[in-house]
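Understanding the architecture of this molecule
Spelled out, the chains give:
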Amino acid sequence: MALFLFLVIVAIVLGLIGWVVHGLGYLLIIGVVVLVVDMVLGLVRLARRSRRRRIR
């Protein structure tokens, strides 16, 4: 959970820096990619956890 929150914060910070400094647009793209990957990993973990509860 802590890693998830850390990655969300990193993605937001990179996105803000990339948006404010127009020459660093690639940071905005990296921030968005990190956020999307983090959300996908969070959903996969959630799906695995709910699947384990159904099996028991």
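Residues numbered from 1 in each chain as written. Predicted model: local features only at pLDDT ≥ 70, side-chain atom pairs only at ≥ 80, totals over all residues. Heavy atoms only, no water.

**Overview of the overall build of the chain**
Scanning the chain for helices and strands turns up two helices and zero strands. Evaluated residue by residue, the chain yields a buried proportion of 14% over its 56 residues. When the accessible surface of the chain is split by element, carbon and sulfur atoms take 74% of a total near 4900 Å². (Helix = DSSP H or I, 4+ residues; strand = E, 2+ residues; numbered from the N terminus. Buried < 20%, exposed > 50% of the residue type's maximum accessible area, 1.4 Å probe, protein only. Areas by Shrake-Rupley, 256 points an atom, 1.4 Å probe, with all protein chains shown as cover.)

**With respect to the UniProt feature "transmembrane region" (unreviewed entry) in the chain**
Summarizing the sequence annotation, UniProt attributes the feature "transmembrane region" (unreviewed entry) to residues 25-47 in the numbering used throughout. Annotated as 100% helix and 0% strand, the span residues 25-47 places its first and last C-alpha atoms 33 Å apart. (UniProt positions renumbered as here; feature names shortened; annotations may be inferred.)

**Some thoughts on the side chain of Asp 38**
Mapped onto the secondary structure, Asp 38 falls in helix 2 (residues 25-55). Despite its burial, Asp 38 remains without a salt bridge, the nearest opposite charge being carried by Arg 45 at 7.6 Å. (Lys, Arg positive; Asp, Glu negative; His and termini not counted. Salt bridge = Lys/Arg side-chain N within 4 Å of Asp/Glu carboxyl O.)

**Section: the environment of Leu 3**
Topologically, Leu 3 is positioned in helix 1 (residues 2-20). We classify Leu 3 as exposed; its relative accessible area is 58%. Once the C-alpha coordinates of Leu 3 and Asp 38 are considered, the two residues, 35 residues apart in sequence, prove to be 9.3 Å apart.

**Regarding a positive patch on the surface**
A cluster of basic residues, Arg 45, Arg 48, Arg 49, Arg 51 and Arg 53, forms a positive patch at the surface. On the secondary structure map, Arg 45 appears in helix 2. (Patch = residues over 30% accessible without salt bridge, like charges linked within 9 Å, V, L, I, M, F, W, Y side chains within 5 Å. Charge placed at Lys NZ, Arg CZ, Asp CG, Glu CD.)

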